[in-house]
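Topology and contacts: notes
Read off the chains here:
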Amino acid sequence: MGKIDGLAGLTTKIAARLATKPEIFIIHPAELRILRSISGQDLCALAAENGWRVVRRLGGRQIEFYNDASTRADSTKA
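In this report, the structure presented in the accompanying data block is examined. (Residues numbered from 1 in each chain as written. Predicted model: local features only at pLDDT ≥ 70, side-chain atom pairs only at ≥ 80, totals over all residues. Heavy atoms only, no water.)

1. Points about helix α3 (residues 40–49)
The condition is simple: Whether a residue is buried, partly exposed or exposed follows from its accessible area with a 1.4 Å probe, protein chains only, as a fraction of its type maximum: under 20%, in between, or over 50%, in that order. Numbering of helices and strands runs from the N terminus, with a helix taken as a DSSP run of H or I at least four residues long and a strand as a DSSP run of E at least two residues long. The directions from the helix axis to the C-beta atoms form the arc being described. In this description, contact between two residues means that some pair of their heavy atoms is separated by no more than 4.5 Å.
Among the residues of α3, those classed as buried are Leu 43, Leu 46 and Ala 47. Down the axis of α3, the sector holding all buried residues measures 95 degrees, keeping them to one side. In α3, the exposed positions that point more than 90 degrees away from the buried face belong to Gln 41 and Glu 49. On its buried face, α3 is in contact with α1 (7–20), α2 (29–36), β2 (52–57) and β3 (62–67).

2. Points about the environment of Pro 22
In this fold, Pro 22 is placed in the loop between α1 and β1 (23–26). In contact with Pro 22, not counting residues within four places along its chain, are Phe 65, Tyr 66 and Asn 67.

3. Focus: the packing of α1 against α2
Convention followed: Between N-to-C directions, angles cover 0 to 180 degrees, with each direction set by a line fitted to C-alpha atoms, over the stretch in contact for helices. In what follows, roughly perpendicular refers to angles from 65 to 115 degrees, roughly parallel to angles under 35, roughly antiparallel to angles over 145, and oblique to any angle outside these ranges. Should the near helix be turned counterclockwise from the far one by less than a right angle, the crossing is left-handed, whereas a clockwise turn marks it as right-handed. Each residue gets one of three labels, nonpolar for Ala, Val, Leu, Ile, Met, Phe, Trp, Tyr, Cys and Pro, charged for Asp, Glu, Lys and Arg, and polar for the others, Gly among them.
For the pair α1 and α2, interaxial distance at closest approach is 10 Å and the crossing angle is 110 degrees. Classified by the angle between their axes, α1 and α2 sit roughly perpendicular to one another. In terms of crossing hand, the pair formed by α1 and α2 is left-handed. Contacts from Leu 7, Leu 10 and Lys 13 of α1 reach α2 at Glu 31, Ile 34 and Leu 35. Tallied by class, residues from the contact of α1 with α2 come to four nonpolar, no polar and two charged.

4. Observations concerning the pattern of salt bridges
Convention followed: Whenever a carboxyl oxygen of Asp or Glu lies within 4 Å of a side-chain nitrogen of Lys or Arg, that contact is scored as a salt bridge.
Taken as a whole and assessed by the stated rule, the structure comprises two salt bridges. Its salt-bridge partner being Glu 31, residue Lys 13 comes within 2.6 Å of it at the nearest N-O pair. Residue Lys 13 is found in helix α1, and its partner Glu 31 is found in helix α2; the two are separated by 18 residues along the sequence. You can call Lys 13 partly exposed: its relative accessible area is 39%.

Given below as structure tokens:
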């Protein structure tokens, strides 16, 4: 995945929110534009790298991120 403008900032925002809340819903058009510029496979890979789960909803007008408990359980075993 190449460098995408705004992705680092959006990733930081998602991480900060998921540190205190169980989910974050991305609905802002500018943020959705960044996430839509990434292929579905790359978006899932980005989420997995950070211990998240990603779900697309409402015909692409909302993308949800959750902490992935199965990923976190695996990382605590190491």
